[in-house]
Every structure is written in structure tokens, then in C-alpha cells.
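What follows is each chain in one-letter form.
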Amino acid sequence: MAPTGNNSDGLLAKINFPLFTVQMVTSRHILVGGGGGSAKTGVANGFEIFEISHNGKSFVAEESIRHETGPAVVMNSAVYNDGKRTLLVAGQEGHCQLYHIRMTVESEKRNSVSDGNKTKHGAEDGQPRQRKKRNSSTSENSNKASENSHEEKTQSNGTSKAQKRLNFQIKPGDSIQTDFSSVEEPFQKVVRISRNGEIMVTGGVDGYIRVWQFPTMNRIHNIKAHTKEVDDIDICPESLTVASVSKDGACFLWSLKNGKKTCTLTWQTPANTKYLYKRCRFGIRGNGTEVDSLFTLANPLVGARNGKSFLQLWEPSGGKLRKSYAFNENLAALAVRDDGMFVAVGTMFSGSVSIHIAFSLQRIMVVNKAHNQFVTGLEFLPTSLDGPAITCPYEAAVVSISVDNRVCIHQVPFRNTMPVWLVLVLMVLLLCASFTVCSYLGV
């Protein structure tokens, strides 16, 4: 049975607006965005960047910067970071807004003496910390800055440490219209940036997939992909194929080279029940650039007798369904770790989060009622991104967000495995026992 947790586990931060999108900016910094919309409700719109660390007992988050976006709620986003530049694109109604993120290195002194339940940074364990003002020095290389941001230098008296951290500056760039619905209000539902940083793909309520050069935002393809709004898209690691799912019930693969459809995913649904795909994500293997799999979430149509929803694992090249894992409620969010080893799923009604082994879909952990409402986004802490990974005693960790305003983190303990030497010893003993039995029986 998979380990379970409850909704008191892993609270990183609580924001004063509903959350709809989550992205890793560096290996230690996470962006969350959302808002209350254009209505004058007093609920802000925008995004925040937090630095995540582990204090030896639990994960903690410290706010790095908050950027408000006026009347436009941030419903979806994507980040590109190649170690030299960091760019953010955010869906704001029918437009896609480009932001330039500039990083500088800051130095600060912090008390290194522990006091009761206080951490070495002066915050209570597991609670978000607020950033203090510090003197800053500029770094031209964000990769070096990220590595240096966690390098501590102890002073000669041994009572305090000077710690380097990243400071963020957000500068808006171009804004382009990406959805042109004439039936409903234009609205961008999803945006993705290719791993090579050359392509951006958007989808909206008009059913079109639009392919853009990045970061110039010049349109390449205008694909009439679906008859209803696009719910999700993903770009394969080779930056050659894009997958799309829609409320019309279809999941298609498209060539980014010519904009043509290459595959339609089909499967035998239980009792011929109508299903709608909700999310899609490509998996990887080897050096991280080879497509190995495609993961989808499928929910039964409202009112269907069969209430099972499915996490599905597909063969992208031939559109063959390899495996599926059933849930007793509708699914809302999906994430795949950057090395392709783990998959995380967020549910609709209970606000739960489950983590699975990617190649087998075996569930290894579930956090029941991680949120008070449905999970809107999931993001694994990466194994390879700008800067060093967070040092922590866990095999994996995933951040979850919801419209309940909460940012939570859920960690997977290292699974118990049998050492190789013990396996060899047991094999030798088994062979010896077999020979002994055979000799005794005269075989």
C-alpha cells in the first residue's frame, strides 16, 4: 500500500489570491500565479516567486518577489531558463504577456544559532519566511548566481554567516493576442515553451493551436485543431511534436515542422462510456531528449455511470495505450518530473495528490485532502535545471497549488531496496542449497 498523508503536511505558503499556475524558475525558485479576475472584488491578480530550501527538518519557502498584473488574472504560464536568460510568458485573458526576469546576487548576514523552534534563518519550522532588504551586487550569469545563492561563508567569530541569494527583477515585454474566439470571450487556456527555447505554443477557447517563434512572438502555424476549447497542450523533448487535448474529447499529436496531424489517440472505454481528456504530458528517457511516453488524464463525461477516471501511459509513435491506473474521482492536474521517473496527479473533488512510478504507473504515495478544493497545478522539484538541486533526504518532491490559496509540498521518502551485495549472497546461497538437495536425492 502506498504511504498516505493528510492536509496538514507540507504547507509552504498561503497567498491572498486563488492559484492557477505553477512553474520552476530555477532549481530552487518556484513561481505561482493566479488572481481574482477583472471584477472589483478586492482580490489581487499576479504572481509570486519563492525560494525553496530544506532546513534539515522540513521544506521552507521565502518570498523573493511579488508582481501584480492589474485587472488581468494569470491563468497559465511557462518559463524558459537556459542559464543566460530567464523568460516568463503568462496567459492573461486572450493575450500572452512576455516578462524578462533579471537575477542579481545579494549577500546577507543571518544568525546561525538555533533558538528553540526557530530555524537558522529565524523563521518557525515549515513556515514561509519574508525577505529582508540587503545590499546587492549584479551577476551577468544567472547559472553562476543560482549556484552562489546558497553558498555560505562563516565569519571568524563563528556566530554569523554571510549568505548569497538571488534577487529578481521583473520587466514586462511584448504582449500578443493568442485567442480569437468570436463565440465566447477570447481566452488563452494554456501555453508551453519548447525545451530548446525556439518555439512557443498556445491554445485557447477557439479550438486553435498557434505556434510562435520564441521569444520574437512571430506566428509560424495557425492550426484549427479542435471543435471545442483546448484544455491542454505539451511539447515533446525533441521540440518536434505537440500533443493537444480538448473538450471535444480528442487527443491529437501534431508536427511542429508543418503543422499537420500525425496521430490520434484512441482506446476502448469501459462500457463504451464517453470520456474527455483533461491533461497531457510527454515523458523522457536516456539523456532527457528522447520521447519515451505520453501521459494523459481521462475523466468520464458528466452523468456517466462508470465513475472511474484514468491516468494513462501511451506509446507516442504509434498511439498505443500501454497502461492505465484507475481513480474513483475526476482528475484535474498532471506533472512529470524532468528525468521522467515520476508522475504526479491531482484530483478534482477531494483535492488529493498521488505520486506514481512513471514506467509502471504504480502508486507509491498519496496525500489525501492535500487541499480544500481541486488541485490546479503540480510541479516536481527538478533534478537538473539552473543551479544545484535542493539537498533533502527524499527521493522526490512535488509542489501543489489550488484555488484554496495554498502552496504545499509533498515529499517521497527513499523506497526500501535490497542492496546488490545481499542479492548476490542470496543467489549463491540458493545455488548451494540446490546442489545440496540434488546431491542428497542423488539427482
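Provided above is the structure to which this section pertains.
Reading the values: the criteria
- Position numbers for residues start from 1 in each chain and track the written sequence from start to end.
- Per-residue local features of the predicted model are confined to residues with pLDDT of at least 70, and side-chain atom pairs are confined, for both listing and counting, to 80 or more; whole-chain, interface and lining totals are unaffected and use all residues.
- As a rule here, side-chain values cover all heavy atoms of the structure and leave hydrogens and water aside.
- In this text, helices come from DSSP runs of H or I with a minimum length of four residues, and strands from runs of E with a minimum of two, each type numbered from the N-terminal end.
- By definition in these notes, contact holds between two residues if any of their heavy atoms fall within 4.5 Å.
- All accessible-area figures derive from a Shrake-Rupley calculation using a 1.4 Å probe, and residue coverage is judged against the displayed protein chains alone.
- Categorising residues by exposure relies on relative accessible area from a 1.4 Å probe, with only protein chains included: less than 20% of the type maximum marks a residue as buried, more than 50% marks it as exposed, and the intermediate range marks it as partly exposed.
- The sign given to each residue is positive for Lys and Arg and negative for Asp and Glu; His and the chain ends receive no count.
- We define a salt bridge as a side-chain nitrogen of Lys or Arg found within 4 Å of a carboxyl oxygen belonging to Asp or Glu.
- A pair of Phe, Tyr and Trp rings is counted when the ring centres sit within 6.5 Å of each other, with Trp represented by its six-membered ring. The angle between the planes then sorts it: under 30 degrees is stacked, over 60 is edge-to-face, the rest tilted.
- Geometrically, a charge over a ring is one whose NZ (Lys) or CZ (Arg) sits within 6 Å of the ring centre while staying within 35 degrees of the ring normal.
- Two strands pair if DSSP finds at least two bridges between them.
- Angular values range over 0 to 180 degrees, each being the angle between N-to-C directions of two axes fitted as lines to C-alpha atoms, with helices fitted over their stretch in contact.

Caption draft 1: Seen up close, the overall build of the protein. Each helix and strand in the protein was counted, giving two helices and 32 strands. By sequence separation, contacts in the protein at least 24 residues apart represent 56% of the contacts at least 6 residues apart. Counting every atom, the protein has about 20,800 Å² of accessible surface; 51% of that belongs to carbon and sulfur.

Caption draft 2: Inspection of the side chain of R28 at higher detail. Checked against the element boundaries, R28 lands in the loop between β3 (19-24) and β4 (29-35). No salt bridge is formed by the buried R28; its nearest oppositely charged neighbour, E51, is found at 5.7 Å.

Caption draft 3: Focus on the packing of aromatic side chains. One pass over the full model with this rule turns up nine aromatic pairs. Here the aromatic rings of F47 and Y99 are separated by 5.3 Å at their centres, their planes lie at 75 degrees, and the arrangement is edge-to-face. Of the two residues, F47 is situated in strand β5 (residues 45-54) and Y99 in strand β9 (residues 95-111); the sequence distance between them amounts to 52 residues. Overall, F47 belongs to the buried group, its relative accessible area being 1%. Exposure remark for Y99: the relative accessible area of 4% places this residue in the buried category. A network of ring pairs unites the aromatic residues W267, Y275 and F310 as a single cluster. K261 extends its terminal NZ or CZ atom over the ring of F252, reaching a point 3.9 Å from the ring centre.

Caption draft 4: Layout of the sheet that holds strand β15 (residues 199-204). With antiparallel pairing, four strands are arranged side by side in an open sheet as β14-β15-β16-β17. In the strand order of this sheet, the two ends are held by β14 (188-193) and β17 (219-224), each with one partner. Adjacent strand axes in the sheet meet at a mean angle of 15 degrees when their direction is disregarded. Of the pairings in the sheet, the one linking β14 to β15 comprises five bridges and is antiparallel in character. Residue V190 lies in a different strand from β15, and its bridge partner there is G203.

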